[in-house]
Amino acid sequence: MRDLHQPGNPLILFNIWDAGSARAVAEAGAKALATGSASVAGALGYPDGEAVPLEDLLHVVTRIRAVSDLPLSVDFEAGYGETPEQVAANAARLEELGVAGINLEDGIPPNKGIRPAAEHAGRIAAIRARTGLFINARTDLFLRSPTEDHAALLPEALERSGIYHQAGADGFFAPGLIAPELIEELCRECALPVNIMVSPAAPSLAELARLNVARASFGPFPWRDAMAGLTQAARNQISYGT
């Protein structure tokens, strides 16, 4: 999976939530697959933020692996554990299922602030010591802050990226960051390949490539769009003749 991350030629991950969506995205020509935590949770009737039981997540992963052998990255939220050892053991279970990579966020689920960088780095280091997974270290600094504060947060994000890199991370994920000049600076100064989330407010894929982004993922938006389409299609039929 590491070879697929090329600054300026981003790996495009149109996030999935189950085996059916995995098959559909694979048939569209995807080079790799990636789950989104909010999407998986919503499809199972849970809120986002590690509300999905770990065993249910593992079952979803098992079904995805049954229909596609593409490299699979799993949004692992904060690791489903209280200690680095527990998080690493959980990550090892994903690797045993054939998972190639994970997102590991420094936000504390569901919305309990941001974990200290050194503490998050300890989780990354524990996973690195136990697995060969591609660890996409996610910072929630931008996602949980107003856009007007993002420029002031960039130095801390870069500091965190360095700490996570030293701990063994393979990529750095900054969801919520949308300003082109800040994305460009992050890509220039960060030693890790940078992942940006494609949202309605984010730059286009062509612009992200120009800014040297190495990975572009779509987060919950494919699932939201699919559910909106389903709701509208059902509404059109249910309201027929009324």
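Preceding this section is the structure that the text describes.
Treat the numbers as computed from the prediction; the structure is a model and nothing was measured. (Residues numbered from 1 in each chain as written. Predicted model: local features only at pLDDT ≥ 70, side-chain atom pairs only at ≥ 80, totals over all residues. Heavy atoms only, no water.)

### Points about the overall build of the protein
Within the protein, the regular secondary structure consists of 9 helices and 8 strands. The buried share of the protein, taken over its 242 residues, is 51%. Within the protein, contacts between residues separated by at least 24 positions form 66% of all contacts whose residues are at least 6 apart in sequence. In the structure as shown, the protein presents an accessible area of about 10800 Å², 53% of it carried by carbon and sulfur atoms. Charged side chains of the protein number 19 positive and 29 negative; the gap between the two group centres comes to 4 Å. (Helix = DSSP H or I, 4+ residues; strand = E, 2+ residues; numbered from the N terminus. Buried < 20%, exposed > 50% of the residue type's maximum accessible area, 1.4 Å probe, protein only. Contact = heavy atoms within 4.5 Å. Areas by Shrake-Rupley, 256 points an atom, 1.4 Å probe, with all protein chains shown as cover. Lys, Arg positive; Asp, Glu negative; His and termini not counted. Charge placed at Lys NZ, Arg CZ, Asp CG, Glu CD.)

### A word on the packing of aromatic side chains
The full count for this structure, using the stated rule, is 3 aromatic pairs. When the ring of Tyr-164 is compared with that of Phe-172, the centres are 6.4 Å apart and the planes differ by 45 degrees; the resulting orientation is tilted. Note on accessibility: Tyr-164 and Phe-172 belong to one class, buried. Sitting above the plane of the Phe-221 ring, Arg-224 keeps its charged end 5.3 Å from the centroid. (Phe/Tyr/Trp six-rings, centres within 6.5 Å; stacked < 30°, edge-to-face > 60°. Lys NZ or Arg CZ within 6 Å of the ring centre and 35° of its normal.)

### A closer look at the pattern of salt bridges
Following the criterion strictly, the structure yields 11 salt bridges and no others. Among the salt bridges present, the one from Arg-2 reaches Asp-170, with a minimum N-O distance of 3.1 Å. Here Asp-170 lies in the loop between helix H6 (150-167) and strand S6 (171-173) and Arg-2 lies in the segment before strand S1 (11-13), a separation of 168 residues in the sequence. Residue classification places Arg-2 among the partly exposed residues on the basis of a relative accessible area of 40%. You can call Asp-170 buried: its relative accessible area is 15%. Through salt bridges with shared partners, one network takes in Glu-105, Arg-138, Asp-140 and Arg-144. (Salt bridge = Lys/Arg side-chain N within 4 Å of Asp/Glu carboxyl O.)

### Comments concerning the sheet that holds strand S7 (residues 194-197)
Reading across from one edge, S1-S8-S7-S6-S5-S4-S3-S2 is the order of the 8 strands in this open sheet, with parallel pairing throughout. Unpaired on one side and paired on the other, S1 and strand S2 (33-34) mark the two borders of the sheet. In this sheet, strand S3 (residues 72-75) lies alongside S2 in parallel orientation, the contact comprising 2 bridges. If you follow Ala-34 over to S3, its bridge partner there is Ser-73. Helix H3 (residues 54-67) contacts S2 and S3 of the sheet and is inclined by roughly 160 degrees relative to S3. (Pairing = 2+ DSSP bridges. Axes fitted to C-alpha atoms, helices over the stretch in contact; angles between N-to-C directions.)

### Overview of the pairing of S3
The two faces of S3 match: Leu-72 and Val-74 on one face and Ser-73 and Asp-75 on the other face are all buried. Where S3 meets strand S4 (residues 101-105), 3 bridges bridge the pair, whose relative direction is parallel. Bridged to Val-74 within S4 is Ile-102.

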